[in-house]
Amino acid sequence: MISDPRDIAAHAANLVTGEKQNSYGHPLDDFTRAAKIWEAILGFQVSAEQVALCMVGVKISRQANAAKLDNIIDGIGYFLTLAMVQEERIERGNNENN
């Protein structure tokens, strides 16, 4: 079990920049796809940044219900993907944020 906060954060960073990114693509692309689906369901525009923040909210809700290290790791990971989305928008020259 990981107990040192630095190890927890490092594990989350390794997941989002390695395994998860290899599986789902860059978070900007992945969350933009999710945003389009959410837009169709909700009936209003959703940004990739909002997807990341909502996923953090899901992890907070789950942690409040049943505390598990996985929720903490995933929550950190979603915050990291938010930063990755913002950085990638700059790299691509697309600063659009709904």
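Everything that follows concerns the structure shown earlier in this document.
Residues numbered from 1 in each chain as written. Predicted model: local features only at pLDDT ≥ 70, side-chain atom pairs only at ≥ 80, totals over all residues. Heavy atoms only, no water.

(A) Summary view of the pattern of salt bridges. Under the counting rule described, the total for this entry stands at 7 salt bridges. For the salt bridge of R6 with D4, the shortest nitrogen-to-oxygen distance reads 2.8 Å. On the accessibility criterion, R6 (64% relative accessible area) is exposed. Taking the shortest distance from any N to any O, the salt bridge between R92 and E88 comes out at 2.8 Å. Of this pair, R92 and E88 both sit in helix 4 (residues 69-92), 4 residues apart, which is roughly one turn of the helix. Residue R92 is classed as partly exposed on the basis of its relative accessible area of 44%. A single network of salt bridges, built from pairs that share partners, joins D29, E88 and R92. (Salt bridge = Lys/Arg side-chain N within 4 Å of Asp/Glu carboxyl O. Buried < 20%, exposed > 50% of the residue type's maximum accessible area, 1.4 Å probe, protein only. Helix = DSSP H or I, 4+ residues; strand = E, 2+ residues; numbered from the N terminus.)

(B) Structural view of helix 3 (residues 48-65). Helix length check: helix 3, at 18 residues, gives a terminal C-alpha distance of 26 Å against a target of 26 Å (1.5 Å per residue), a fit within 8%. Buried-residue contacts for helix 3 involve helix 2 (27-42) and helix 4. (Expected span 1.5 Å × (residues − 1). Contact = heavy atoms within 4.5 Å.)

(C) View of the nonpolar core. Core analysis: the largest hydrophobic core is formed by 11 residues, namely L28, F31, A34, A35, V46, A48, V51, A52, M55, L82 and V85. Taken together, the elements giving at least two residues each to this core come down to helix 2, helix 3 and helix 4. Apart from residues lying up to four places away in sequence, V51 is in contact with F31, A34, A35, W38 and V46. (Core = buried A, V, L, I, M, F, W, Y, C linked by side-chain atoms within 4.5 Å.)

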